[in-house]
Amino acid sequence: MHISDAIRDRRSTRRFTSREVTRDEIETLLSAAVLAPNHKLTQPWRFHVLGPEARYAYGLALGNRKAKKIEDPAAANTMRENVAKEHRALPVMIAVAVADTQDAEAREEDYAAAMMAIQNLSLTAVSLGLGTHIKTGAIMNDPAARAAAGVGDGYRIVAVVNVGEASEAAPAKVRQPASALTTWMP
Ligand SMILES: Cc1cc2nc3c(=O)[nH]c(=O)nc-3n(C[C@H](O)[C@H](O)[C@H](O)COP(=O)(O)O)c2cc1C
C-alpha cells in the first residue's frame, strides 16, 4: 500500500469486529513504531500490550472514575462493570509510555517522538487492514490504570492505542485545507 493511501484511509476506529489481531501483526506494528524519529536517539517509548485481564483492570480503573460521578450505587456499579467489560472485549490495547524526565526540552521531544511512533503504528495498521484509536486523558495518571498496564516508576503513559479490524467504514472527518493554514514567506 502506498503511504499516501494509508494516510488517506486512516480513521479513529471506535468499534471493532471479532477478528483476532495476531502477535505477529502486533510485532509488525511495534517494529514500525520504533523507526520513528527521536532526538538524540533517546528511544523514549515503551509499549505495554495489555492482555484480557489487564484490559479489564484498566477498564475497571476508568469505570471507577466514571462511577464516582453517579449517585445511584446500582447505576455506578453497572457503569464500572460495563466499562471494564468493554475494555476486556477490545482486540488489542497498547499503552505507550515515555520516560518521565523533568527536563522540559527532553520531555517535549520525547513526547513528540512517541506520537510519531504512534503515527507509524497507526499507518502500518491501515496497511494490515486494521484500525486504531488513540485514547488519552487523566486515566493515564491513575495508579490503578498504570498498574494494570504494568507501567512502573520513571515512566508516564502518553496514550493508549486500541487496534482491531473496523466494524464499519467511517467517513473522513473534514479538515481545513493546508492552503488555508499555510504562510509562504519570501
Ligand atoms: C494526542 C491525541 C489524543 C487523542 N485522545 C482521544 C481520546 O482521549 N478519546 C477519543 O475518543 N479520541 C482521541 N483522539 C482521537 C481524535 O479524537 C481523532 O483523531 C480526531 O477526532 C480525528 O478523527 P480521525 O482520527 O478519524 O481523523 C486523540 C487523538 C490524538 C492525536
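Scroll up to find the structure.
The rules behind each value
Residues numbered from 1 in each chain as written. Predicted model: local features only at pLDDT ≥ 70, side-chain atom pairs only at ≥ 80, totals over all residues. Near = placed C-beta within 6 Å. Nonpolar A, V, L, I, M, F, W, Y, C, P; charged D, E, K, R; others polar. Axes fitted to C-alpha atoms, helices over the stretch in contact; angles between N-to-C directions. Helix = DSSP H or I, 4+ residues; strand = E, 2+ residues; numbered from the N terminus. Parallel < 35°, antiparallel > 145°, perpendicular 65-115°, else oblique. Left-handed = near helix turned anticlockwise from the far one by under 90°. Contact = placed C-beta atoms within 7 Å. Pairing = 2+ DSSP bridges.

**Observations regarding the site of the ligand**
Reasoning step 1: Residues in contact with the ligand, as listed here, are Arg11, Ser12, Ile134, Lys135, Thr136, Gly137 and Lys173.
Reasoning step 2: In terms of residue class, the shell around the ligand is made up of one nonpolar, three polar and three charged.

**Here's the deal with the packing of helix α2 (residues 23-33) against helix α5 (residues 104-127)**
Reasoning step 1: Contact geometry for α2 and α5: axes closest at 7 Å, N-to-C directions at 140°. Between α2 and α5, the crossing angle belongs to the class labelled oblique. Relative to α5, the crossing made by α2 is right-handed. Here Thr28, Leu29, Ala32 and Ala33 of α2 come into contact with α5, specifically with Ala117, Ile118, Asn120, Leu121, Thr124 and Ala125.
Reasoning step 2: When its residues are assigned to classes, the contact of α2 with α5 shows seven nonpolar, three polar and no charged.

**Remarks on the sheet that holds strand β1 (residues 45-50)**
Reasoning step 1: Reading across the sheet, the four strands line up as β1-β2-β4-β3 and stay open at both edges, with antiparallel pairing between neighbours. In the strand order of this sheet, the two ends are held by β1 and β3 (131-135), each with one partner. Between one strand axis and the next, the sheet turns by 25° as a mean value, whatever way the strands run.
Reasoning step 2: Direction of pairing for strand β2 (residues 92-99) relative to strand β4 (residues 155-164): antiparallel, over a ladder of eight bridges. In the sheet register, Met93 faces β4, and the bridge partner there is Asn162.
Reasoning step 3: The sheet contacts of α2 involve β1, β2 and β4, and relative to β1 the element is tilted by about 165°.

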